[in-house]
Every structure is written in structure tokens, then in C-alpha cells.
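Survey of secondary and tertiary structure
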Amino acid sequence: MSLRKAAGAVVGLALAAGMPALAQISSEGGPIYINSARTESIQNERKVVLIGDVDIQQGTARLRANTVTIRFLENTGASQTNTVAGGFGQVENIVAEGNVYYVTPELKAKGDRGVYELATDTITMTGNVALMRERDVAEGETLRMEVKNRRTTLEGGSGRTRMVIEPSNPPGQTQ
């Protein structure tokens, strides 16, 4: 399994630099559909908090978690709008907590917590992490993906990392 390939595909939590207020969860772009039990917009803290069975979909990507907090950089001169996250500026980070699942047609990732940091263009998933691509599986405690560099590091925490790699061809078969 190529974890580097997986890092490139997990751009769902990542944002392209210069994107407007709300986060992108898919490199496809397009409308973002958000469902949650409650949404709080906290202008003084420049953040939006989605609480309770959060389900965010964009294109073929889906992010689910118990809560998702989107924090914005200070707005420097952008016009104020009347949207839920309007006028906050560019996204600084996204924190998904509790039963975090991120799914695209290429991969599935799960963990207890997922954080995307714009400044470093890095996604970090922690706590009972599993990354699945086709039939390959990697497990550990901390998964760090440097999106632009396409570099992925999996750490075992107090244990070890585990991987199951399925060959493309079953034994004895050739292409």
C-alpha cells in the first residue's frame, strides 16, 4: 500500500490556499452539504462549531464526526457577508473529533481526532487510526500527512504500526 498516494487523496480535509471562508473536503470543489444537530457561529473567536452527528459532503467525499470546529484566520480586508461563516476570512484549521471518518472513492480513514492545519498543509489523525485503500490497511496511533509534499508518517504510539498489503495479482497468476 502506498501511503504517499493516500496522502494525496486525503486532500478532502485540506484546503487549497486562497479558498473562501468555508472548507473544502473534496478536491473536486462544488457545493458543500452540511448536516448537524446544531451549528454555532462564534464571530468573536472566528469559528464555526458543528455539533452532533456531523455529516459533511462535497462531490464524492464525505467527512463524519461527532463535532467539527472550523477556525478562521483574522479577516484582513475581505468584505463581510451574511453567510453562516461570512466575513471570517480564510480557514486556519479544521478539527474533527469523535468517531472521525473520511471517505472518498479512493480511500477510507478513521480515527478519534483529525486536524487540518493550513499553515503547514498537514492533516494529522490520532487515536485508533486506520487507513484503507482498496484492500490494503494500515493501523497505528498517529497518522501525519503532509499534503503538498505527499509524505505520510504512521506512528504506533506505545505500540507498533500494522499493515496488511494485498498483492495486485494472486500467487501463481501473471498479467
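Reading the values: the criteria
Residues numbered from 1 in each chain as written. Predicted model: local features only at pLDDT ≥ 70, side-chain atom pairs only at ≥ 80, totals over all residues. Heavy atoms only, no water. Phe/Tyr/Trp six-rings, centres within 6.5 Å; stacked < 30°, edge-to-face > 60°. Lys NZ or Arg CZ within 6 Å of the ring centre and 35° of its normal. Helix = DSSP H or I, 4+ residues; strand = E, 2+ residues; numbered from the N terminus. Buried < 20%, exposed > 50% of the residue type's maximum accessible area, 1.4 Å probe, protein only. Polar contact = N/O pair within 3.5 Å; in protein donor to acceptor, adjacent residues only side chain to side chain. Contact = heavy atoms within 4.5 Å. Salt bridge = Lys/Arg side-chain N within 4 Å of Asp/Glu carboxyl O. pLDDT = per-residue confidence, 0-100.

Details of the packing of aromatic side chains
Evaluation of the coordinates by the stated rule reveals zero aromatic pairs. Directly above the aromatic system of Y101 lies the positively charged group of R64, at a separation of 5.0 Å from the ring centroid.

Structural notes on the side chain of T122
With respect to the helices and strands, the residue T122 is situated in strand 7 (residues 122-133). Judged by its relative accessible area of 3%, T122 falls in the buried class. A polar side-chain atom of T122 sits 2.9 Å from the main-chain carbonyl oxygen of T120. Every residue in contact with T122, bar those within four places of it in the chain, is listed here: V115, Y116, E117, R144, M145 and E146.

Side note on the pattern of salt bridges
Where side chains of opposite charge bring their charged atoms close, a pairing between them can arise. This model, assessed by the stated rule, comprises five salt bridges. Between R162 and E139 there is a salt bridge, with the nearest N and O atoms lying 3.2 Å from each other. Here R162 is found in strand 10 (residues 162-164), whereas its partner E139 is found in strand 8 (residues 136-146), with 23 residues between them in sequence. Classification of E139 by relative accessible area gives partly exposed; the value is 31%.

Some words on unusual backbone geometry
Leaving glycine out, the prevailing phi sign among residues is negative, and the prevailing peptide bond configuration is trans. Positive phi values are uncommon outside glycine, yet N99 reaches one of about 50°. Residue position: N99 is located in strand 5 (residues 91-103). The phi angle at N128 is positive, at roughly 50°, despite the residue not being glycine. Along the polypeptide, N128 turns up in strand 7.

Quick notes on the environment of R46
Its location among the elements puts R46 in the loop between strand 2 (38-42) and strand 3 (47-58). Between the C-alpha atom of R46 and that of L73, which follows or precedes it by 27 residues, the distance is 7.3 Å.

Observations regarding the confidence of the model for the protein
Summarising the model, the protein shows a mean pLDDT of 77, and 72% of its residues fall at 70 or more. Ignoring residues within four places in sequence, the model shows residues 1-22, a span with pLDDT below 50, making 71 contacts including any to other chains.

Here's the deal with the environment of R71
Within the secondary structure, R71 sits in strand 4 (residues 61-72). Along the primary structure R71 and E45 are separated by 26 residues, whereas in three dimensions their C-alpha atoms are 7.9 Å apart. Those residues in contact with R71, other than ones at most four positions away along the chain, are E45, R46, K47, V91, E92 and N93.

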